[in-house]
Every structure is written in structure tokens, then in C-alpha cells.
Amino acid sequence: MKHKKHNILFVCLGNICRSPAAEGVLKSIVAQEGDEAEWNIDSAGTGRYHIGDLPDRRMRVHARQRGLELDHRCRQVTPDDFDRFDLIVGMDASNLSNLRAVAPSPEAEKKIVAMASFFNPGNRWDHVPDPYYEGAEGFELVLDLLEEGCRNLYEQVENEK
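Residues numbered from 1 in each chain as written. Predicted model: local features only at pLDDT ≥ 70, side-chain atom pairs only at ≥ 80, totals over all residues. Heavy atoms only, no water.

Chemist: With reference to specific residues and values, describe the side chain of Asp92.
Modeler: Looking at the element boundaries, Asp92 is found in the loop between β3 (87–90) and α4 (93–102). A polar contact is formed between the side chain of Asp92 and the backbone nitrogen of Ser94, at a distance of 3.1 Å. Setting aside residues up to four positions removed in sequence, Asp92 forms contacts with Arg18, His127 and Val128. (Helix = DSSP H or I, 4+ residues; strand = E, 2+ residues; numbered from the N terminus. Polar contact = N/O pair within 3.5 Å; in protein donor to acceptor, adjacent residues only side chain to side chain. Contact = heavy atoms within 4.5 Å.)

See below:
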């Protein structure tokens, strides 16, 4: 029986820290589960500051320590992404607002969800904080939050089959 492909886009501001890390985390979970053929996972930024760049070096280092290789090239989200992806996951309120402004229709806007909606109940965070101006602790916190949220996202999507 052939399953529908799951198309997930993670979005943050510059596509150099949070969203490529989320992409890497979910790809790792999907690979561990042996489901790569059923998933299309990407990331983008609402801004155009870093188009074509690799993710932030600090995020790549912290991710690598967890066995994740972040080799995504940064890009900006486009209205076409709303046709290509079933779920568009924003990292914070500003990202969600910017995504709503890009959404080409009310139906497209319904695809936008907050990453925090996948956190465990009782998690004190209501967003994924931007670690760009933080130290190592900020990058580790982001990866912890994304590991929790992406695991829950994966399980939710798999349970909807």
C-alpha cells in the first residue's frame, strides 16, 4: 500500500540556525525509523539575509556533536512553498506572522503551525528562541527543544496515517 508523502517545511528568520536544525533533527528521526521515502523535509527563512549560505557554524558544530550533519543551503520562503508543503512550521510568533503575510490564500494559511505546538505538555517554552546572539547554551537549548518537538511531530503525522 502506497502512503502519501509527508511534506514538511521548517521556517525561522534567516534559515541559518533553528529551521535547518529542525530539518536535520526530523530527517534523523525519519532515517532512524526507515521512512525516508515517505517524507520530504526542507527549511527556509522569512528573511533573505543568508541565501545560499550553509547554516551558522556554531549550530553545525552543536548539531554534529549529536550526530547531525547540517548541509542545507539557506533559502527564503516563497508563496510556492504553500503548494509544495502540507505543513509549514514556524519557530516563533514573528516567523508565524511573516508566514501569514506570505501565504497566498486562507487555505494556505491553515498549513502554518507553531513548532511549540509539538512540545510536550508542561514545557515552559512557547517558541524556539533564536540562539544567534547566545552562547553554547542557546544552541543546546534549541536542539533539545527541536528533538522533543520533531519527535512529537513525527509521531503525530505517523498516527494520522
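Chemist: Tell me about the side chain of Asn15, residues and numbers included.
Modeler: Within the secondary structure layout, Asn15 lies in the loop between β1 (6–12) and α1 (18–33). A polar side-chain atom of Asn15 sits 3.0 Å from a polar atom in the side chain of Ser43. If we skip the residues at most four places from it in the chain, Asn15 touches Pro20, Ser43, Ala44, Gly45, His72, Arg73, Cys74 and Arg75.

Chemist: I'd like a rundown of helix α2 (residues 57–64), residues and numbers included.
Modeler: Every buried residue belonging to α2 is among Met59, Arg60, His62 and Ala63, and all of these are buried. Buried positions in α2, seen along its axis, are confined to an arc of 165° and lie on one side of it. Those residues of α2 that are buried lie in contact with α1 and α6 (136–159). (Buried < 20%, exposed > 50% of the residue type's maximum accessible area, 1.4 Å probe, protein only. Arc of directions from axis to C-beta.)

Chemist: Can you explain the pairing of β1? Please cite residues and give values.
Modeler: Counting buried residues along β1, 7 of its 7 residues qualify, which places the element largely inside the surrounding structure. The alternating pattern of β1 places His6, Ile8, Phe10 and Cys12 on one face and Asn7, Leu9 and Val11 on the opposite face, and all of these are buried. Relative to strand β2 (residues 39–45), β1 runs parallel, the two sharing 7 bridges. Bridge pairing in β2 links Val11 to Ala44. Following the chain from β1 across α1 to the adjacent parallel β2, one finds a crossover that is right-handed. Of the pairings in the sheet, the one linking β1 to β3 comprises 4 bridges and is parallel in character. (Pairing = 2+ DSSP bridges. Right-handed = clockwise from strand over helix to strand, strands pointing away.)

Chemist: Tell me about the packing of α2 against α6, and name the residues and values.
Modeler: Relative orientation of the contacting elements α2 and α6 amounts to 60°, with a least axis distance of 10 Å. In terms of orientation, α2 and α6 fall into the oblique class. At the point where α2 passes α6, the crossing takes the right-handed sense. When α2 is examined against α6, the residues Arg58, Met59, His62 and Ala63 are found in contact with a partner set consisting of Ala136, Phe139, Glu140, Val142 and Leu143. In terms of residue class, the contact of α2 with α6 is built from 6 nonpolar, 1 polar and 2 charged. (Axes fitted to C-alpha atoms, helices over the stretch in contact; angles between N-to-C directions. Parallel < 35°, antiparallel > 145°, perpendicular 65-115°, else oblique. Left-handed = near helix turned anticlockwise from the far one by under 90°. Nonpolar A, V, L, I, M, F, W, Y, C, P; charged D, E, K, R; others polar.)

Chemist: Lay out the environment of Lys110 with the relevant residues and their values.
Modeler: Within the secondary structure, Lys110 is located in the loop between α5 (106–109) and β4 (112–114). Linking Lys110 and Asp86, residues 24 residues apart in sequence, is a C-alpha distance of 9.5 Å.

Chemist: Before we move on, can you summarise the pattern of salt bridges with the specific residues and values?
Modeler: Counted under the stated rule, the structure contains 13 salt bridges. Residue Arg18 is joined to Asp92 by a salt bridge in which the shortest nitrogen-to-oxygen separation is 2.9 Å. Pair noted here: Arg18 is in helix α1 and Asp92 is in the loop between β3 and α4, with a separation of 74 residues, a long-range link. Just as Arg18 is buried, Asp92 falls in that class too. (Salt bridge = Lys/Arg side-chain N within 4 Å of Asp/Glu carboxyl O.)

Chemist: I'd like a description of the packing of aromatic side chains, backed by residues and values.
Modeler: On inspection of all chains with the given rule, the structure shows 2 aromatic pairs. Here the aromatic rings of Trp39 and Tyr154 are separated by 5.4 Å at their centres, their planes lie at 25°, and the arrangement is stacked. With a gap of 115 residues between them, Trp39 in strand β2 and Tyr154 in helix α6 connect regions that are remote in the sequence. Tyr154 shares its class with Trp39; the two are buried. Here Tyr132 and Tyr133 contribute two aromatic rings whose centre-to-centre distance is 4.8 Å and whose plane-to-plane angle is 85°, an arrangement assigned as edge-to-face. For Tyr132, a relative accessible area of 30% translates into the label partly exposed. Judged by its relative accessible area of 74%, Tyr133 is exposed. (Phe/Tyr/Trp six-rings, centres within 6.5 Å; stacked < 30°, edge-to-face > 60°.)

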